[in-house]
Structure formats: C-alpha cells, structure tokens
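A closer look at the structure
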Amino acid sequence: MKETQLKKQFTERDLQRIRNLVQKKGNEKTVTSVGYTKVEERHTESDIWEENGKTWTIKNGIKRTIRKADAMGVPLLCPKCSKPMKHHLDKKMYGIHQICLFCITEMESLLKLEGKYEEYEQNMIRKNALYFADNVSSGLDQFLDDLINETYVMEDGTIQNWVGNGLDKTEVKKQIMDKLQQLKDKINS
C-alpha cells in the first residue's frame, strides 16, 4: 500500500472551518482564538494614553485629545497680550521668547525705533551660535562612534567590514573640542 503525505500545513482557522463543515454548521463564521481582540481599558481622571495614533486624557470627566501644541507647552493665549496663539509661527516664537508673534513684532519695532535692534539681533545670533556649539559637543561621542565604526550592514543584509582610516577617536575628539572652544571664545569676545 502506498503511503501518502500531506504537503500543506493547515492553520487553526482552516481546521475550524473543516470542523464546522463536518458538523453541518456551514453557515457559521469561522472564529478562532487567533486574531485581534480589543482589550477594554478603564481610564480615570488625568490619565494619559495613546489610542489609534492619538494621545488622550480625561479632564473634568470628559475624554479629550491632547494636541501637539499642548504637549509642547504652548498655551492657547499669549501670556503678555492674552490674544489667541493660533498663528503657525506663534509656536516657534513661544519656544524662543515665551510670547506670541504679534508681541515679538511689536517689541522688535520698538527696539528699531529706539535704535537698540542691532544689539538685540547680535545677542540673538550669539545665543544661537552658543546653542549650536553646545549641541555639537553633546552629540560628539555618538558621532565619533558612528564615524569610526568598522562594521556596516548594507541594504541587502550583507555585513561589510571597513577600515577605520586609522582614526584615533580621542585625538579627533580633542581636535573638535579645541575648535569648539575657539568658536565659543570668539563668540564671547
């Protein structure tokens, strides 16, 4: 007698469908334990959770979405003039000056009339350059690790070993830190 082998693997859903057909339950849906079942979550006042790509909270018993502007700490009204902060540049200005775009333009106009705008502008440029220098120095170790790394995984999954070009991490870091210090000294002078 010739032995036969089953060449195909059946999933749990396929097996349940066959069971339903054998039991003459052909019109019933095939339900298996495999698949998505929604878990009911209970949330209380001031809980924060994420659902369907949105962040939610409960305030005063009402479920509300949290806007990205709220997460950034941008208020609905300007602290100085109490006007709504609805302009797209209000968020950026609030991050820098903690007031709205209208208040910034008003302040800068007054500075121009008083002849103090150039000093204000140079101070803002200086602060920006110092912020840049601090950011470079804080991310320098990770950058150097990535630069001197000798093993790379390519798009097709192959691993390539590259020569690190003889770079000494401590020497490169010292040179960059010296240049950053020169930049900071030049900015502060």
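Reference entry: report on the structure contained in this document. (Residues numbered from 1 in each chain as written. Predicted model: local features only at pLDDT ≥ 70, side-chain atom pairs only at ≥ 80, totals over all residues. Heavy atoms only, no water.)

Helix length check: helix α7 (residues 169-188) (20 residues) gives 28 Å between terminal C-alpha atoms against 28 Å at 1.5 Å per residue, within 8%. Where α7 is concerned, the buried positions are V172, L180 and I187. In an axial view of α7, the angular spread of the buried residues amounts to 65°, which keeps them on one side of the axis. Exposed side chains of α7 directed beyond 90 degrees from the buried face belong to T170, K186 and N188. (Helix = DSSP H or I, 4+ residues; strand = E, 2+ residues; numbered from the N terminus. Expected span 1.5 Å × (residues − 1). Buried < 20%, exposed > 50% of the residue type's maximum accessible area, 1.4 Å probe, protein only. Arc of directions from axis to C-beta.)

Relative to the helices and strands, Y120 is located in helix α5 (residues 117-138). Distance from Y120 to E108, taken between C-alpha atoms, is 8.6 Å for residues 12 residues apart in sequence. Residues in contact with Y120, not counting those within four places in the same chain, are H97, M107, E108 and L111. (Contact = heavy atoms within 4.5 Å.)

Taken as a whole, helix α3 (residues 90-97) has its buried residues at D90, M93 and Y94. End-on view of α3: buried residues confined to an arc of 100°, all on one side of the axis. Of the residues in α3, the exposed ones pointing more than 90 degrees away from the buried face are K92 and G95. Contacts made by the buried residues of α3 are with α4 (101-114). The first or second residue beyond α3 is Q98, which carries a positive phi of 65°.

Read across the open sheet, the 3 strands follow the order β1-β2-β3; overall the sheet is antiparallel. With partners counted over all chains shown, the strands left at the sheet margins are β1 (48-51) and β3 (62-65), one partner each. Ignoring which end each strand starts from, the neighbouring axes of this sheet average 35° apart. Pairing of strand β2 (residues 54-59) with β3, which is carried by 4 bridges, proceeds in the antiparallel orientation. (Pairing = 2+ DSSP bridges. Axes fitted to C-alpha atoms, helices over the stretch in contact; angles between N-to-C directions.)

The topology assignment puts E108 in helix α4. Notably, E108 is buried but unbridged: the nearest opposite-charge side chain belongs to K112, and the N-O separation is 5.9 Å. In this structure E108 touches Y117 and Y120, once residues within four positions along its chain are discounted. (Lys, Arg positive; Asp, Glu negative; His and termini not counted. Salt bridge = Lys/Arg side-chain N within 4 Å of Asp/Glu carboxyl O.)

Here we take up the environment of L140. Among the secondary structure elements, L140 is positioned in helix α6 (residues 140-148). Residues L140 and M177 lie 37 residues apart in sequence; the distance between their C-alpha atoms is 9.0 Å. Once residues within four sequence positions are removed from consideration, L140 is found in contact with K173, I176 and M177.

Of note in this structure, S82 is not a glycine but carries a positive phi near 65°. Considering the arrangement of structural elements, one finds S82 in the loop between α2 (68-72) and α3. Even without being glycine, Q98 reaches a positive phi, approximately 65°. Position of Q98 relative to the elements: it lies in the loop between α3 and α4.

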